[in-house]
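Spelled out, the chains give:
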Amino acid sequence: MTHTATASRGLVDRAHTRFTQPRPPRRRAPGIIEPHFSGLGVIVGLYFFSLSLTPSLLPREGWVQGINSGVTFMVGYGLGVAVFAVGRFLTVPQARGRIRAVLLTVALVVIGVQTGLAIWDYVGWQNETRLDFGMDPLSPLVWPVIVVVAALVAGIILALSRCLRALFRWADDLLDHFLPRRLAVAVAAVALTALLWWVASGAFVNAFFTVSNWAFSGLDLDDKPGVTQPVDEHRSGSPASLVAFDDLGRQGRSFVSTGPTAADIDEVGPGGALEPVRAYVGLRSAETLEERAELLLDELIRADAFSREVLVVTSTTGTGFIDPRGADPIEYLWNGDTAIAGLQYSYLPSWISLLADQEEVEETSRVAFRTIHDYWATLEDSARPELYLYGLSLGSTGVEAVLSSVDILNEPIDGALMAGPPSLNEMHYEITRDRDAGSPAALPVFNDGRTVRFADEARVVDSSGGTQANGPVWGDTKVVYLQHGSDPVIWFNPELAWTSPDWLIPGQRAPDVSSTMAWYPLVTMWQVLLDLPAAGNVPDGFGHLYTVTANMQAWAAVTNVEVSDSQMSALAAHLEERDEIYAISQD
């Protein structure tokens, strides 16, 4: 008892001493905007800056490169500062005097030479990639923009970092009254990191999604240019429809009011085209997912969709978008004897839905498909359409959810087309990982191409044998992934931070990926991440933009439609002209 009391008094005395007596002097940290920098941080930062100028998947505008370089420099600067701080914390001996000066000079010269070479090569690889993409060359005058933006970004990050350091110092100074210095620093670091992570991943993220949903739900009420209510009974939202036009959402209204008519198809087809069926249900069309799925089925039945030759159940992207480049071709190929169905599940664009609504797209796709498939399965084989799935980008995630479900075991579907599958798609990831030996990661061959095949703009799959690498036998259910080697949506993966990907191995990379692109820890992941926003701002046939011709060829293979080469060429020219006119109308 006496021993315990003595220990308690000792602890109180030490705390009192720490509160009442001055602590040992502590090295002053630079102010938030003070022009004082770490030598090691600058050296490592310049090295990372030079890496930021190396090739990535897509060409970059000057201001985007400036953001890239500014952030990358600060990542290197932070690593250098962290290494120095840890060494000092562990009392590792430091070089001083002349030795320190020599080491710094040598390091700066080596890094300076490397940075200079990277600057010299930057415009070269940019213009090489731009030439391959059919873009205008980059002028050397882009450098002032890069430097200014990079400096601003680095300065902002440095100021924020110093604010955080001030917060951490305040916390460990507070704990230093009770704990030894090193323990106080460690406890403060862990506690504040956990608190900041909770704020960033919890409160901030929830607020971001709430505000985003509110903002984009308002945008969903607006219409794209040229959108009008359809009058044809084969379209949802028409006077004969069970679904109100205003409830279809922005993308749904565009889907049912555009697309080819029978007259459009007859311009290039054999004649006698049918009016294509386009069925769509928006988030505002019914209260629950199950009710919306039933309403979509009712729309298909009302429009006599199950008497058509082909029925396509689509999984939409985040906002409910169905790509006309994926929808129009199959209607032309089958002379309008088609029905396409879509169901909206979110107001958010795909890049937000990718984070917030991944489970929603999977569940929506499964419920919508199950509802339609159960009815379809009750029909006689000879009296029902061939059943296909389609999804672009995040929509392909929904298609994979259907393909991996038990709903199609007894009554398999006829095929599926997925364009630009994001990296989170488990089926695509596993097929690519387990591809046949000798096939490239950019365009894999899996199980001799018996069910799943891959295609890009240059190498086309067909039902008689697929790409040159594919085998001659293709099963009754035909699945095609349409993908570009330059699409960061497909290839971004957090593992890029520490693992070199197979799609960069010489001999495995796609033709639209720069031959000089190399992998660097952390940097390559950040560069591909930065490519994501630009994936839809490049010429068609690159990045995340899949041409109407590539979609047409993929659909022709999946559905095994009988169309001659001359008809395919004429149809491709017509679709490309139509797509160009549509793109101009949306500007």
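Throughout what follows, the structure given in this document is the object of discussion. (Residues numbered from 1 in each chain as written. Predicted model: local features only at pLDDT ≥ 70, side-chain atom pairs only at ≥ 80, totals over all residues. Heavy atoms only, no water.)

**Topic: helix H2 (residues 39-52)**
Heads up, the rule is: A helix here means a DSSP run of H or I that spans at least four residues, while a strand means a run of E at least two residues long, and both kinds are numbered starting from the N terminus. Given a helix with a known number of residues, its expected span is that number minus one, times 1.5 Å. Relative accessibility under 20% of the residue-type maximum defines a buried residue, over 50% an exposed one, and the middle range a partly exposed one, all with a 1.4 Å probe and only protein chains included. Counting of polar contacts relies on pairs of N or O atoms within 3.5 Å, with two restrictions inside protein: one atom must be capable of donating a hydrogen and the other of accepting it, and residues adjacent in sequence are counted only when both atoms are side-chain atoms.
Between its terminal C-alpha atoms H2 stretches 20 Å, which fits the 20 Å expected from 14 residues at 1.5 Å a residue. For H2, the complete set of buried residues consists of Gly41, Ile43, Gly45, Phe48, Phe49, Ser50, Leu51 and Ser52. Structurally, the start of H2 carries an N-cap: the backbone nitrogen of Leu40 is 3.5 Å from a side-chain oxygen of Ser38.

**Thoughts on the packing of aromatic side chains**
Two descriptors summarise a pair of aromatic rings, namely the distance from one centre to the other and the angle between the planes of the rings. Stated formally: Only Phe, Tyr and Trp rings are paired, with Trp represented by its six-membered ring, and only when their centres lie within 6.5 Å; those with planes under 30 degrees apart are stacked, over 60 edge-to-face, the remainder tilted. Charge-over-ring placement is defined geometrically: NZ (Lys) or CZ (Arg) within 6 Å of the ring centre, and within 35 degrees of the ring normal.
What the rule picks out here adds up to eleven aromatic pairs. Seen from their ring centres, Tyr390 and Trp555 are 5.9 Å apart, and the 40° between their planes marks the pair as tilted. You can see Tyr390 sitting in strand S4 (residues 386-392) and its partner Trp555 sitting in helix H17 (residues 548-559), a full 165 residues away along the chain. By relative accessible area, Tyr390 is classed as buried at 3%. Members of the aromatic cluster, connected to one another through ring pairs, are Tyr122, Trp125 and Trp143. Positioned over the ring face of Trp376 is Arg384, at 3.8 Å from the centre of the ring.

**Topic: unusual backbone geometry**
Here Asp304, not a glycine, exhibits a phi torsion of approximately 60°, which is positive. Structurally, the position occupied by Asp304 is in the loop between helix H9 (289-302) and strand S2 (310-315). With a relative accessible area of 48%, Asp304 lands in the partly exposed category. You will see that Asn335, though not glycine, has its phi angle at about 55°, which is positive. By secondary structure assignment, the location of Asn335 is in the loop between helix H10 (324-333) and strand S3 (338-343).

**So, the environment of Arg130**
Inclusion rule: The contact definition used throughout considers only heavy atoms, calling two residues in contact when any of these lie within 4.5 Å.
Within the secondary structure layout, Arg130 lies in helix H4 (residues 97-133). Look past the residues within four positions of Arg130 in its chain and what remains in contact with it is Pro59, Arg60, Glu61, Met135, Asp136, Pro137 and Leu138.

**Digging into the pattern of salt bridges**
Working definition: two side chains of opposite charge can pair if their charged atoms are close together. Selection criterion: For salt bridges, the criterion is a side-chain nitrogen of Lys or Arg within 4 Å of an Asp or Glu carboxyl oxygen.
Per the stated rule, a full pass over the model turns up 16 salt bridges. Residues joined in a network through salt bridges with shared partners are Asp264, Arg278, Asp328, Glu331 and Arg578.

**Remarks on the packing of H2 against H4**
We apply this condition: Between N-to-C directions, angles span 0 to 180 degrees; the directions come from axes that are lines fitted to C-alpha atoms, helices contributing only their stretch in contact. Under this scheme an angle from 65 to 115 degrees is roughly perpendicular, one under 35 degrees roughly parallel, and one over 145 degrees roughly antiparallel; angles in between are oblique. Each crossing gets its hand from how the near helix is turned against the far one by less than a right angle, where anticlockwise is left-handed and clockwise is right-handed. Nonpolar residues are Ala, Val, Leu, Ile, Met, Phe, Trp, Tyr, Cys and Pro. Charged residues are Asp, Glu, Lys and Arg, and all others, Gly as well, are polar.
Taken N-terminus to C-terminus, the directions of H2 and H4 make an angle of 15°; their axes are 9 Å apart at the nearest point. Here H2 lies roughly parallel to H4, going by the angle between them. The interaxial crossing formed by H2 with H4 has left-handed handedness. Contacts between H2 and H4 pair Ile43, Leu46, Tyr47, Phe49, Ser50 and Leu51 from the former with Leu104, Ala107, Leu108, Ile111, Gln114, Thr115, Ala118 and Ile119 from the latter. Of the residues that constitute the contact of H2 with H4, the class distribution is eleven nonpolar, three polar and no charged.

**Concerning the sheet that holds S4**
Our working definition: For two strands to pair, DSSP has to find at least two bridges joining them.
Taken together, seven strands build an open sheet; the order of strands is S1-S3-S2-S4-S5-S7-S6 and the sheet is parallel. In the strand order of this sheet, the two ends are held by strand S1 (277-281) and strand S6 (452-455), each with one partner. Recorded for the sheet is a direction-independent mean angle of 15° between the axes of neighbouring strands. Bridge analysis of strand S5 (residues 415-419) against strand S7 (residues 478-482) gives five bridges, and the strand direction is parallel. By the bridge assignment, Ala416 is partnered in S7 with Val479. The sheet contacts of helix H7 (residues 249-257) involve S1 and S3, and relative to S1 the element is tilted by about 170°.

**Concerning a negative patch on the surface**
We count it as follows: Like charges are joined within 9 Å and nonpolar side chains (Val, Leu, Ile, Met, Phe, Trp, Tyr) within 5 Å, but only among residues with over 30% relative accessible area and no salt bridge; these make up the patches. Here the Shrake-Rupley method, with its probe set to 1.4 Å, supplies the accessible areas, and only the displayed protein chains count as covering residues. Neither His nor the chain termini are counted; the positive set is Lys and Arg, and the negative set is Asp and Glu. Each charge is placed at NZ for Lys, CZ for Arg, CG for Asp and CD for Glu.
On the surface, Glu287, Glu290, Glu291, Glu294 and Asp298 cluster together into a negatively charged patch. In this fold, Glu290 is placed in helix H9.

**Section: the packing of H9 against helix H12 (residues 358-377)**
One can describe the packing of H9 onto H12 by two numbers: an axis separation of 9 Å at closest approach and a directional angle of 40°. Comparing their axes, H12 and H9 come out oblique. Between H9 and H12 lies a crossing of right-handed hand. On H12, the residues touching Leu289, Glu290, Ala293, Glu294, Leu296, Leu297, Leu300 and Ile301 of H9 are Glu363, Thr364, Val367, Ala368, Thr371, Ile372 and Tyr375. In terms of residue class, the contact of H9 with H12 is made up of ten nonpolar, two polar and three charged.

**Let's talk about the nonpolar core**
How we decide: To define a nonpolar core, start from buried Ala, Val, Leu, Ile, Met, Phe, Trp, Tyr and Cys residues and group those joined through side-chain atoms within 4.5 Å.
Core analysis: the largest hydrophobic core is formed by 99 residues, its most contacted members being Leu333, Leu389, Leu403, Trp503 and Trp555. For this core, the element with the most residues is H17, which contributes eight residues. Aside from chain neighbours lying at most four places away, what touches Trp555 is Val312, Gly326, Pro329, Ile330, Leu333, Tyr388, Leu389, Tyr390, Leu417 and Asn560. Core analysis: the second largest hydrophobic core is formed by 15 residues, Met74, Tyr77, Val123 and Trp143 among them.

**Some details on helix H14 (residues 426-433)**
Which entries qualify depends on this criterion: An arc is given here, and it is the one of the directions from the helix axis to the C-beta atoms.
Looking at H14, one finds that the buried residues are His428, Ile431 and Thr432. Seen end-on, H14 carries its buried residues on one side only, within an arc spanning 100°. Buried-residue contacts for H14 involve helix H13 (394-403), S6, S7 and helix H15 (488-491).

**With respect to a nonpolar patch on the surface**
Residues Leu164, Leu167, Trp170, Leu174 and Leu196 make up a contiguous nonpolar surface patch of roughly 450 Å² in combined accessible area. Considering every element that reaches the nonpolar patch, the biggest residue donor is helix H5 (residues 142-175), with four residues. When you line up the elements, Leu196 lands in helix H6 (residues 181-219).

**Some details on the pairing of S5**
Note the cut-off: By the criterion used throughout, a crossover qualifies as right-handed when its path from the first strand across the helix to the second strand runs clockwise, the strands pointing away from the viewer.
In terms of burial, S5 is a largely internal element, five of the five residues being buried. Burial of the side chains of S5 extends over both faces: Gly415, Leu417 and Ala419 are buried on one face and Ala416 and Met418 on the other. Bridge count for S4 against S5 is five bridges, and the pairing is parallel. Each residue of the ladder has a partner; that of Gly391, found in S5, is Met418. Following the backbone out of S4, through H13 and into the adjacent parallel S5, one traces a crossover that is right-handed.

**Re the side chain of Asp323**
Note on placement: Asp323 falls in the loop between S2 and H10. Within the buried set, Asp323 has no salt-bridge partner at all; the shortest N-O distance to an opposite charge, 4.9 Å, is to Arg325. Here Arg325 takes part through its backbone nitrogen, which lies 3.1 Å from a polar atom of the side chain of Asp323. In this structure Asp323 touches Tyr390 and Leu392, once residues within four positions along its chain are discounted.

**Topic: the environment of Gly485**
Along the chain, Gly485 falls in the loop between S7 and H15. For the pair Gly485 and Gly543, spaced 58 residues apart in sequence, the C-alpha separation works out to 7.7 Å. Ignoring any residue separated from it by four or fewer positions in sequence, one finds Gly485 in contact with Leu57, Trp491, Ala510, Asp512 and Val513.

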